[in-house]
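# Examining the three-dimensional arrangement
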Amino acid sequence: MNASTGRTIVSRIKRKMSKDDPSDDILDEIVAYRDSRADRTVGIIIVAVLVMNFVWIYIGEIGTNGRPNYVEYVYMSMALMAVCAGTCFAIGSRWWTKYALIGSLFFNSFAIVAGVDYTMMLLLVLPVVSCSIYYRSGLTKAAIILGALLMPIALIINDYISPIFFGFYYGMTMVDRALAVLKSYYVVNLLVYLLICVPCYYATKNGIDDVRRQSDLRKDQIGVEKEMSNARRIQQGLLMTDFPCKPYCRISSSMSAAKEVGGDFYDCFSVGDDRLAVVIADVSGKGLPASLFMAASMTLIRSNVQAGGDLDKAMEKANRELFATNSMKYFVTVWIGVINLRTGQVSYVNAGHNPPFVSRDGRYEMLKSQPDFVFGRKKRTTYNRHQMRLDVGDGLFLYTDGITEATRSDGTMFGEERLLESLSSTGRSPPGEVLAKVGSDVSAFVGEADQYDDMTMMKVDYIHAYDIRPDEGIRVRADHQGYTQVMGRIRQRMIEAGCPSRTITEMETACSEIYANIDSYAYSDREEKGEVLVTTDIVNGAVRVTFMDWGVPFNPLDREDPDPIASFKERRRGGLGIMLVKKICDEVTYSREGDCNILKLEKEM
Amino acid sequence: MEIGIERKDGVTTISPKGNIDYVTAPELDEAVERESATAASLVFDMSEVSYISSAGLRSLLNADEIMEDKNGIKLVNVNKEVKAVLDMTNFSGLLKIE
């Protein structure tokens, strides 16, 4: 049945009457649904009535008892009923179908009583009974009155056209005769009729009340659904997208909840000046309670880790605090890592969570560690702090078991191997693309199968070491003793800045060359060696070492590169070091400011 | 700089430890000069060298020249960083590296 059209018309009319109260829409919806069901029921009643009519015709009741002229009305009413019911079944409910159906029933009952047999008078109660299933008191009332009025009319017509009892009334006026008929048949039948109408009317009233109650319940349900979606919004708000780590890390995250509100979460927050914590977690359970537990876990982890101190101790404290609030015996699996943005050193704790993957040079490998007990479930849980190091350019891929346990319709899980394969295919793509690739691989794998668990992922790329404080520099006499001090200082600054070891070694080589040059040439014109000032800074992800001396103007970059293939005797002794410096560094610049030689070496980290 | 020396069957293995730069290269030169008198060939074990500067390269070149008439020199256990420097300066084509 097509209920939607009926619904729109009913609600349009209702809305006009009730000043756009949105809650009436729900009532309209239920009423329209009831109407369509009632239409169908009345349609079936009509079919039954038609069968009854045919039986009467078959046994001769209708064909012989009535006058031929009036019997035709019965046939007409049957045809009308058939058309109404047929139409109703064919096109579905409309606002007018109930009037057509009830009307045709009235017509048929009336035609039978009037044209065939007045003892069938109570047949006129049938339309009233049919009305009562529409749950419209107005309609039922109108039908009761109409039936009560049609009964005497039918009776009088029947009497008037009946040839059998003509002699009985001989000599009476038409009015007297009608009154006599009404008195002897109508009064009693009317009482019975009204008795039947009473339960019909109350059935209608009760029906309306039921519909009202149902619509109230539905309204409550909508309220609950609204609260759920608000909870989801709050949860989404907790899960940030604007991470506090620019420009040192590049982070992307994605979460798709299996139910409205999920139990997975991820987090990312600063710890002190130069550290960044990344968290991924999975709460046992789903829905609103799990999301509340999630919010508590997230807050406690954050506050305890941000308070500083060792990560394992902070997590143990957070665990105790969460356990104290855990009346539902939930638990969380958590992987938390704290990245030192200066050095790339990562301390991490794994509370029963899936091991993350580390990306290095476009390759991925699992970061295995013995997981500790889940979080929030046991009061005295000890956690172990593990260590690893990220070089600039390396990254971490965190995920929940919704990814690895995403299940195909044949029961196969996505698994760690497929995940590794999917990750490896992304090479050095930025985090957003990595998540998109894994997401599409998982959905391609799962196909049409339902998703039972939240799927949450996070990719953190360590792209830029923390800018260290500007270097006030080290000033030494340009001799061998100064050399050791300068080289030690340069090395220490680069380690602090989190330079990869290879960059450190190469820069040390280059700086060694420059220092050797200054030592040899800068103060060759005087008896005592002058000073050299060296600063080491990180500028836009590059190491910059600046040498300043106050010796003779000397630009080492002017020298020609030597030809190393030439035989040793022909080889010029100098120039090899500078060639090395130029090859190692991305940029080497010389300038003379006043009486000062300034040489800058720069290399990307 | 600490320099390990090991003599065996006319082959002397010289193992410098640390950085070979303009400060330490003369020590290596000294060791080479000393050992070349007796050794038939010199082997440089570079496993403990973290970096080598041009001064160090010159020392190796010197050694190569000194030993030219004998069995020459050879570098072993060259790490990535040192190999990179040898490559940059084309020394890897000039010296025997194992």
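Preceding this paragraph is the structure being described.
Here is a short report on the structure shown in this document.

The rules behind the values
Residues numbered from 1 in each chain as written. Chains lettered and ligands numbered in written order. Predicted model: local features only at pLDDT ≥ 70, side-chain atom pairs only at ≥ 80, totals over all residues. Helix = DSSP H or I, 4+ residues; strand = E, 2+ residues; numbered from the N terminus. Buried ≥ 20, exposed ≤ 12 C-beta atoms within 10 Å, placed from the backbone. Contact = placed C-beta atoms within 7 Å. Nonpolar A, V, L, I, M, F, W, Y, C, P; charged D, E, K, R; others polar. Axes fitted to C-alpha atoms, helices over the stretch in contact; angles between N-to-C directions. Parallel < 35°, antiparallel > 145°, perpendicular 65-115°, else oblique. Left-handed = near helix turned anticlockwise from the far one by under 90°. Pairing = 2+ DSSP bridges. Core = buried A, V, L, I, M, F, W, Y, C linked by C-beta atoms within 7 Å.

So, on to the overall build of chain B. A tally of helices and strands in chain B yields 3 helices and 5 strands. Helices and strands in chain B line up, N terminus first, as β-β-α-β-β-α-β-α. The burial tally for chain B puts 40% of its 98 residues in the buried class.

Time to look at unusual backbone geometry. Most peptide bonds take the trans configuration, and most residues that are not glycine carry a negative phi. Positioned with a positive phi, Asp 361 of chain A is a non-glycine residue whose angle comes to about 50°. Along the polypeptide, Asp 361 of chain A turns up in the loop between strand 6 (357-360) and strand 7 (363-366). Phi at Asn 90 of chain B takes a positive value of approximately 65°, unusual for a residue other than glycine. Structurally, Asn 90 of chain B is set in the segment after helix 3 (80-88).

The topology assignment puts Thr 299 of chain A in helix 9 (residues 287-306). Between the C-alpha atom of Thr 299 of chain A and that of Ala 318 of chain A, which follows or precedes it by 19 residues, the distance is 9.2 Å.

Contact residues are listed per partner, giving 18 residues for chain B and 18 residues for chain A. Of all the secondary-structure elements, those providing two or more residues to the side of chain B that touches chain A are strand 4 (49-52), helix 2 (54-66) and helix 3 of chain B. The greatest single-element share of the side of chain B that touches chain A, amounting to 5 residues, is contributed by helix 2 of chain B. Of the residues belonging to the side of chain B that touches chain A, the class tally is 10 nonpolar, 5 polar and 3 charged.

Turning to the packing of helix 8 (residues 174-238) of chain A against helix 9 of chain A, a few remarks are in order. Residue and element names in this part refer to chain A. Two elements in contact, helix 8 and helix 9, have axes whose closest approach is 11 Å; the angle formed by their N-to-C orientations is 25°. Regarding the angle of helix 8 to helix 9, the classification is roughly parallel. Relative to helix 9, helix 8 is oriented so that their crossing is left-handed. Of the residues in helix 9, those touching helix 8 at Met 228, Ala 231, Gln 235 and Leu 238 are Leu 288, Ser 291, Ala 295 and Met 298. Residue classes in the contact of helix 8 with helix 9 are distributed as 6 nonpolar, 2 polar and no charged.

On to the sheet that holds strand 9 (residues 395-399) of chain A. The pairing of strands in a sheet happens through backbone hydrogen bonds and is either parallel or antiparallel. Residues and elements named next belong to chain A. Taken together, the 5 strands give an open sheet; going across it, the order is 1-10-9-6-7, and neighbouring strands pair in antiparallel fashion. Sheet topology places strand 1 (249-256) and strand 7 at the edges, where each strand pairs with a single neighbour. Averaged over all pairs of adjacent strands, the angle between their axes in this sheet comes to 15°, without regard to strand direction. Taken together, the 4 bridges between strand 6 and strand 7 define a ladder with antiparallel strand orientation. Directly across from Ser 359, in strand 7, lies its bridge partner Tyr 364. Together, strand 6, strand 7 and strand 9 form the strand contacts of helix 12 (residues 415-424), whose direction differs from that of strand 7 by roughly 155°.

Turning next to the sheet that holds strand 11 (residues 474-477) of chain A. All names here are of chain A. Strand order in the open sheet formed by 5 strands is 11-12-13-15-14, and the pairing between neighbours is antiparallel. The open sheet has two free edges, formed respectively by strand 11 and strand 14 (587-593), since each of these has just one partner strand. Pairs of neighbouring strands in the sheet enclose a mean axial angle of 20°, with direction left out of account. With 8 bridges connecting them, strand 13 (residues 542-549) and strand 15 (residues 596-604) associate as antiparallel partners. Bridge assignment links Val 543 to a residue of strand 15, and that residue is Lys 603. Set on the sheet, helix 14 (residues 480-496) makes contact with strand 11, strand 12 (531-539) and strand 13; between it and strand 11 the angle comes to about 160°.

Turning our attention to the packing of helix 6 (residues 125-132) of chain A against helix 7 (residues 137-161) of chain A. All names here are of chain A. Contact geometry for helix 6 and helix 7: axes closest at 9 Å, N-to-C directions at 175°. Of the possible angle classes, the one that applies to helix 6 and helix 7 is roughly antiparallel. Within the contact between the two elements, helix 6 uses Val 125, Pro 127, Val 128, Cys 131 and Ser 132 and helix 7 uses Leu 139, Thr 140, Ala 143, Ile 144 and Gly 147. Of the residues contributing to the contact of helix 6 with helix 7, the split by class is 7 nonpolar, 3 polar and no charged.

With that out of the way, let us pick up the nonpolar core. Core analysis: the biggest nonpolar cluster contains 65 residues, and Ala 277, Val 278, Val 279, Val 334, Ile 336, Leu 398 and Ile 403 of chain A have the highest contact counts within it. Core analysis: the next-biggest nonpolar cluster, separate from the first, contains 59 residues, Ala 522 of chain A together with Ala 25, Val 32 and Leu 75 of chain B among them.

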